Structures are given as structure tokens and as C-alpha cells.
Amino acid sequence: MKRRHLFEFNEAVWMPSSLRALVTDYLRTLIDLIEPFSPQLPLIAQALRRAGEAAGVVDLCSGGGGPWRHLSPQLNRLAGRVVPVLLTDKYPGQAASALRGASSAVVWCLTPVDATAVPGSLQGMRTLFDGFHHFTPTVATGILRNAVDDGAPIVVMELLRRSYADLLAVLFTPVLVWGLTPWIRPFSWTRLALTYVLPVAPLIIFWDTLVSVLRCYTPTELRRMGQVAAGNRYVWFADTYRYRGAPVTFLIGYPRDSAGAGGAAG
Ligand SMILES: C[S@@+](CC[C@H](N)C(=O)[O-])C[C@H]1O[C@@H](n2cnc3c(N)ncnc32)[C@H](O)[C@@H]1O
């Protein structure tokens, strides 16, 4: 299925942060419910170790916090220490909702951080959940190259898979939005009105999810981008799987010279 880079509301510069939060708060609630990235925690922890014994995580395109509410304690348990996580975003207006219920190891960077030009001062393993599809192949490869140039391991994970079956499944998105909305925090009358009276949230989320499926990179494309970005300096793991009914596509890479044994790598 051919990749198409169509318009997404969520990344439009004119979107007020209150409307952007309709998408990111929904996404965080869905991710907290399914915990779709947890099966890859051993590989994520392995990549983190390549960043150094005391290294933390710099999360890019953090939006409403993504999976960190449940992933942070799980990663701490696996790493045997408290792993500091810095949430960053180009539009860091959602700090309050992103940190709600998160552990104190998770902090928010209040200044905008563009995932395409991460300041060298932000050291640690980079993670990018549900954001890589926002970027064209050239820019996405640049994000990987940026991490490679800084010698940082990078984890890219999407609650998506580009396939006809997953495109068809998007038809159920409005039903999911209507069903999940009462559990989305922070509670907001505006969110309820924009979901059950005027269906703005279901429509925006439906469209953005549809376009995200069409934009999602396949494991083969991801691995190729990694190789273009790093030559043979990095070892890359790319795959797609289904967990609790949800599709996940991922790319995880770290410097090859420090790579140990661990699964099929590209
Ligand atoms: C779909 S949300 C993903 C949020 C979160 N990671 C999650 O898993 O729920 C994508 C986020 O990427 C941010 N974003 C878009 N372009 C960006 C860029 N160039 N640099 C950093 N963040 C960006 C948006 O502001 C939005 O919060």
C-alpha cells in the first residue's frame, strides 16, 4: 500500500492547543488502556543501556505524555533504577495534562523542542511515540541522523500499521472516541460538548487516524531510513506486531560498536 502524506489537523500551526489536546488526551487514554508498547520494553531497556549506565530518556513529540504514565514505572523496574524522562514537544502547551498521574521521574520541558533539531544539550536515549509519521521521509531520516550524530539510541514506535485492514479498522474510531471520552482526563465540559453535542472530536480524531495510517512507515522503510542515516554504525530492529488487538510498528536503533546479542537486527 503506497504511503500518502495528507493533511493532519493535529499538526496544523493554526490549531488552538485546546483542540490539539482533544487528539493527544484521547491518544494517551487509549495507550494507557492498551499499553501497546510494553511488549518491546526489554529491547527499549537494552537500547537505554547503550546510552550509559545512568542515562535518561528524551521523549520527542510528547503531546499529552503518550505512554509514559505506565511505561516509566515499568522501565524503572526493568532497569533497576529510576530512569529520568524528559517530555518535549514543539508546542509544549499540554504540560499539565501530560504530567497528571505520572511519576516524579517524568518532567516536562517548557521550552519548545523541535524533533528535527534536538539541542545537543539534551542527552540520553531519544524516544518518539506516535509522532514519526508526521515527518516526510527526508525529514524523518534527518531525525534519525541527528540521533546518530549525537551517538544516541533512538526508539520510534507507532500505534499504527499501514495496511488495508488497519485502514478499514479506522472506521470504528468515532465509536472508540464516544466510548472512551468519559474516562479522558483532565475532565472538561468542552470536550464532552465537542464529542456528544457537536462531533468535532470524533471527526478530527477519525481524520487524523486515517491519515496517520496512510503516513505510517513500514518496517522495511524504517530500516532503510536507519541505514541511510547511520550507514553500518548502528544496529536497527524494525517490525510490526499486534497487541490486545492494536497494531504497532517500531524501529529501535543504537550504536553498533556497543551492540550485544539480541534478536534479528538489520
Ligand atoms: C500524535 S501526537 C503524539 C503525542 C504522544 N507522543 C503520544 O504518543 O500520545 C504528535 C505530537 O507531535 C508534536 N509535533 C508535531 N511536529 C513536531 C516537531 N517538528 N517537533 C516536535 N513535536 C512535534 C505535536 O505537537 C503533537 O503533540
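Values in this document were obtained by computation on a predicted structure and should not be read as measured data. (Residues numbered from 1 in each chain as written. Predicted model: local features only at pLDDT ≥ 70, side-chain atom pairs only at ≥ 80, totals over all residues. Heavy atoms only, no water.)

As a further point, take the overall build of the chain. Tallying secondary structure elements over the chain gives 10 helices and seven strands in all. Relative to its length of 266 residues, the chain is compact, with a C-alpha radius of gyration of 18 Å against a globular reference of 18 Å. Each of the 266 residues in the chain was classed as buried or not, and the buried ones make up 53%. Long-range pairs, those at least 24 residues apart, make up 75% of the contacts in the chain between residues at least 6 apart in sequence. Carbon and sulfur atoms provide 63% of the accessible area of the chain, an area that totals close to 11500 Å². Of note, the chain has its 25 positive side-chain charges centred 3 Å away from the centre of its 18 negative side-chain charges. (Helix = DSSP H or I, 4+ residues; strand = E, 2+ residues; numbered from the N terminus. Rg over C-alpha atoms; globule rule 2.2 N^0.38 Å. Buried < 20%, exposed > 50% of the residue type's maximum accessible area, 1.4 Å probe, protein only. Contact = heavy atoms within 4.5 Å. Areas by Shrake-Rupley, 256 points an atom, 1.4 Å probe, with all protein chains shown as cover. Lys, Arg positive; Asp, Glu negative; His and termini not counted. Charge placed at Lys NZ, Arg CZ, Asp CG, Glu CD.)

Another point: the packing of helix 7 (residues 173-180) against helix 9 (residues 200-215). Across the interface, helix 7 lies against helix 9 with an axial gap of 9 Å and an inter-helix angle of 135 degrees. The angle between the axes of helix 7 and helix 9 places the two elements in the oblique class. Crossing handedness for the pair helix 7 and helix 9: right-handed. Only A201, P202, I205, F206 and T209 of helix 9 make contact with helix 7, whose side of the interface consists of T173, P174, V177 and W178. Here the contact of helix 7 with helix 9 is composed, by residue class, of seven nonpolar, two polar and no charged. (Axes fitted to C-alpha atoms, helices over the stretch in contact; angles between N-to-C directions. Parallel < 35°, antiparallel > 145°, perpendicular 65-115°, else oblique. Left-handed = near helix turned anticlockwise from the far one by under 90°. Nonpolar A, V, L, I, M, F, W, Y, C, P; charged D, E, K, R; others polar.)

That bond from R185 to P186 is cis: its omega, 0 degrees, falls within 30 degrees of zero. As for its placement among the helices and strands, P186 is situated in the loop between helix 7 and helix 8 (189-197). The residue E35 is not glycine, and still its phi comes out positive at about 50 degrees. Position of E35 relative to the elements: it lies in the loop between helix 1 (17-34) and helix 2 (41-50). Residue E35 is classed as partly exposed on the basis of its relative accessible area, which comes to 22%. Phi is positive for R244, close to 50 degrees, though the residue is something other than glycine.

A separate point is the environment of Q74. Position of Q74 among the secondary structure elements: in helix 3 (residues 68-79). The spatial distance from the C-alpha of Q74 to the C-alpha of S38 is 8.0 Å, given a sequence separation of 36 residues. Contact partners of Q74, with chain neighbours within four places excluded, come to E35, S38 and L41. Of note is the side chain of Q74, whose polar atom sits 3.1 Å from the side chain of E35. (Polar contact = N/O pair within 3.5 Å; in protein donor to acceptor, adjacent residues only side chain to side chain.)

Neighbouring the ligand are 18 residues; C61, D89, D114, A115 and F129 lie closest to it. Note that a nitrogen atom of the ligand is positioned 3.2 Å from one of the backbone N or O atoms of K90. Interatomic distance of 3.2 Å between a side-chain N/O atom of D130 and an oxygen atom of the ligand. In isolation the ligand offers 600 Å² of accessible surface; the protein chains occlude 96% of this area. In terms of residue class, the shell around the ligand is made up of eight nonpolar, six polar and four charged. (Near = heavy atom within 4 Å.)

Right, let's talk about the confidence of the model for the chain for a bit. Chain-level statistics for the chain give a pLDDT mean of 93 and a share of 95% at 70 or above. Between residues 259-264, whose pLDDT stays under 50, and residues either more than four places distant or in other chains, the model counts 11 contacts. (pLDDT = per-residue confidence, 0-100.)

The next point concerns the environment of A51. Mapped onto the secondary structure, A51 falls in the loop between helix 2 and strand 1 (57-60). Each C-alpha atom of the pair A51 and A21 lies 32 Å from the other, and the pair is 30 residues apart in sequence. Excluding residues within four positions of it along the chain, A51 makes contact with M125 and P153.

With that settled, the discussion passes to the pattern of salt bridges. Under the criterion given, the structure shown has 10 salt bridges. For the salt bridge of D25 with R28, the shortest nitrogen-to-oxygen distance reads 3.0 Å. Of this pair, D25 and R28 are both found in helix 1, three residues apart, which corresponds to roughly one turn of the helix. Judged by relative accessible area, which is 2%, D25 ranks as buried. (Salt bridge = Lys/Arg side-chain N within 4 Å of Asp/Glu carboxyl O.)

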